[in-house]
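Structural overview for review
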Amino acid sequence: MPLNDHIKIQLATFVQDKCFLHSGDLSMSFKTRIRSGNMAIWIVCALMVLALSGGVSFAAEFPDVILHDGKIVTVNSGFEIAQAIALKGERIQAVGSNDDILKLAGPDTKQISLGGKTVLPGLIDSHVHATGAAVYEFDHEIPPLETIDDVLKYVQKRAEILEDGQWIIMNQVFITRLRDQRFPNRQELDSVAPNNPVYFRTGPDAALNSMALKLNGIDKDFKITDGLPGKIEMDPTTGEPTGVIRAAGRFIKTESSEKSPSQEERMAQLEKLLQDYNSVGITSIVQRSAGESDVTMFQALKDQGKLTCRTFLCWGVSPDGEWSKVAEQIQKAADHPAHAYDNLLWLRGVKVFLDGGMLTGSAWMQKPWGVSTIYSITDPEYRGVLNIQPDRMYEIAKHCLERDLQITAHS
Ligand SMILES: [Zn+2]
């Protein structure tokens, strides 16, 4: 990243009474510090690099920027708070007292008084689905959904806008975050949208209304016969589906009634989301379940100098079926050009879905979950949904690690 851009990012991320620095810079500084304690931690990595490259004039060692009169949260082992910090290029040059750091200034060093503001290391969000989240509200704004009533009002409003028969699809409204702490039930969804199929998705699980069940042939006789995991909840008294399905999204064919963004629009939304992350201090992310189109978008942002978060990607691998097909997917990640180390964008590993969701009642447990109204569990023996058998999981992990791919699993 060109120096000026880097500084711009640092300065652009001042928020309220805080400002944030790129986390990688600080972690680098801790690894390379030679002296610490007494509020003075001298970071010499930049100087060492310059010295090793030889023949560099003294002027090159002046910091580009000094931030002083602040609270520099070092997050070192003593959690020391320093007053000032000197930056050179993409690296922290020194951290210490105002006196010690201001002494380092050269004629061109920009000196910024923080007036007591705090500087934090950049935060890392280790689990995002940024490309999806960026376009979550592309078609229309989704109001805060805090109760079942909020959910039903939203569904009703959508039903009024849409034609009969058009799908109403909700994504990632976690039931444990609703004050009611349960799925909306089939009858409730029917009452507000009798003429539209409704698909309330939450993690790997979902609640459907009667029309959505009917359109997909899910009735009291429905059985999962493809040998893959999943569960259709049935009402123990009537024998009819309750509308709740677990890890069974493959049986639901939908047609989106929302406008879908073009590639340029997706990129623009992603750029905005990354800036949102920056605005609350997040400077590094790990995008889980990335595919080719995700890598392309991040790569394009990087090429345009618009990738404002350090990004690691985890390649999504489907674990089912013939082993050769699974191995092929892992090999694709290993051979991908983005798997070559890059400080800003790196295809670092692989993600698989090991089991269902803890927040939705389908995580695989050693003992039965127990009958539960929150999770809509009616079977006392139900233990959740396991997607990958231990032998297969072992092979996947081994295959990944042999190719320098971190293995991560949703569990
Ligand atoms: Zn995830």
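Our subject is the structure that appears above.
Here we summarise the structure given alongside this text. (Residues numbered from 1 in each chain as written. Predicted model: local features only at pLDDT ≥ 70, side-chain atom pairs only at ≥ 80, totals over all residues. Heavy atoms only, no water.)

1. A few points about the overall build of the protein
In terms of regular secondary structure, the protein is built from 12 helices and 20 strands. Buried residues in the protein amount to 46% of all 411 residues. When contacts within the protein are restricted to residue pairs at least 6 apart in sequence, long-range pairs at least 24 apart make up 66% of them. (Helix = DSSP H or I, 4+ residues; strand = E, 2+ residues; numbered from the N terminus. Buried < 20%, exposed > 50% of the residue type's maximum accessible area, 1.4 Å probe, protein only. Contact = heavy atoms within 4.5 Å.)

2. Some details on the packing of aromatic side chains
In this structure the tally under the stated criterion is 5 aromatic pairs. Pairing Phe222 with Phe251 gives two aromatic rings, centres 5.3 Å apart and planes at 80 degrees, and the pair type is edge-to-face. Of this pair, Phe222 sits in the loop between α8 (210-215) and β15 (231-234) while Phe251 sits in the loop between β16 (241-246) and α9 (263-279), placing them 29 residues apart in sequence. This pair shows no difference in class: Phe222 is buried, exactly as Phe251 is. The interplanar angle of 65 degrees and the centroid separation of 4.9 Å between the aromatic rings of Trp369 and Tyr375 together place this pair among those described as edge-to-face. The burial state of Trp369 is the same as that of Tyr375; both residues are buried. Sitting over the face of the ring of Phe138, Lys259 holds its NZ or CZ atom 5.5 Å from the ring centroid. (Phe/Tyr/Trp six-rings, centres within 6.5 Å; stacked < 30°, edge-to-face > 60°. Lys NZ or Arg CZ within 6 Å of the ring centre and 35° of its normal.)

3. Observations concerning unusual backbone geometry
For Ala247, which is not a glycine, the phi torsion comes out positive at approximately 45 degrees. Inspection of the secondary structure puts Ala247 in the loop between β16 and α9. Taking the relative accessible area as the measure of exposure, Ala247 reaches 16% and is therefore buried. Non-glycine residue Ser289 carries a positive phi angle of around 55 degrees. Relative to the elements of secondary structure, Ser289 occurs in strand β17 (residues 282-290).

4. Some words on helix α10 (residues 292-303)
Between its terminal C-alpha atoms α10 stretches 16 Å, which fits the 16 Å expected from 12 residues at 1.5 Å a residue. Within α10 the residues assigned to the buried category are Asp294, Val295, Met297, Phe298 and Leu301. Buried residues along α10 cover an arc of 165 degrees about the axis, so they all sit on one side. Where α10 is buried, its residues contact α5 (130-134), α9, β17, β18 (310-316) and β19 (345-353). Looking at the residues trailing α10, positive phi occurs at Gly305, about 70 degrees. (Expected span 1.5 Å × (residues − 1). Arc of directions from axis to C-beta.)

5. Here we look at the side chain of Asn278
Note on placement: Asn278 falls in helix α9. Since its relative accessible area comes to 7%, Asn278 is described here as buried. Within the local environment of Asn278, its side chain forms a polar contact with the side chain of Thr308, the two groups lying 2.7 Å apart. (Polar contact = N/O pair within 3.5 Å; in protein donor to acceptor, adjacent residues only side chain to side chain.)

6. Structural notes on the sheet that holds β16
Across the sheet, 5 strands lie side by side as β12-β13-β14-β16-β15; this open sheet has mixed pairing. Each having just a single partner strand, β12 (168-170) and β15 make up the two edges of the open sheet. Taken over all neighbouring pairs, the strand axes of this sheet differ in orientation by 20 degrees on average, direction set aside. Bridge analysis of β12 against strand β13 (residues 198-202) gives 3 bridges, and the strand direction is parallel. What sits directly across from Ile168, in β13, is Val198. Against the sheet, helix α6 (residues 148-161) touches β12 and β13, its axis set at about 145 degrees to β12. (Pairing = 2+ DSSP bridges. Axes fitted to C-alpha atoms, helices over the stretch in contact; angles between N-to-C directions.)

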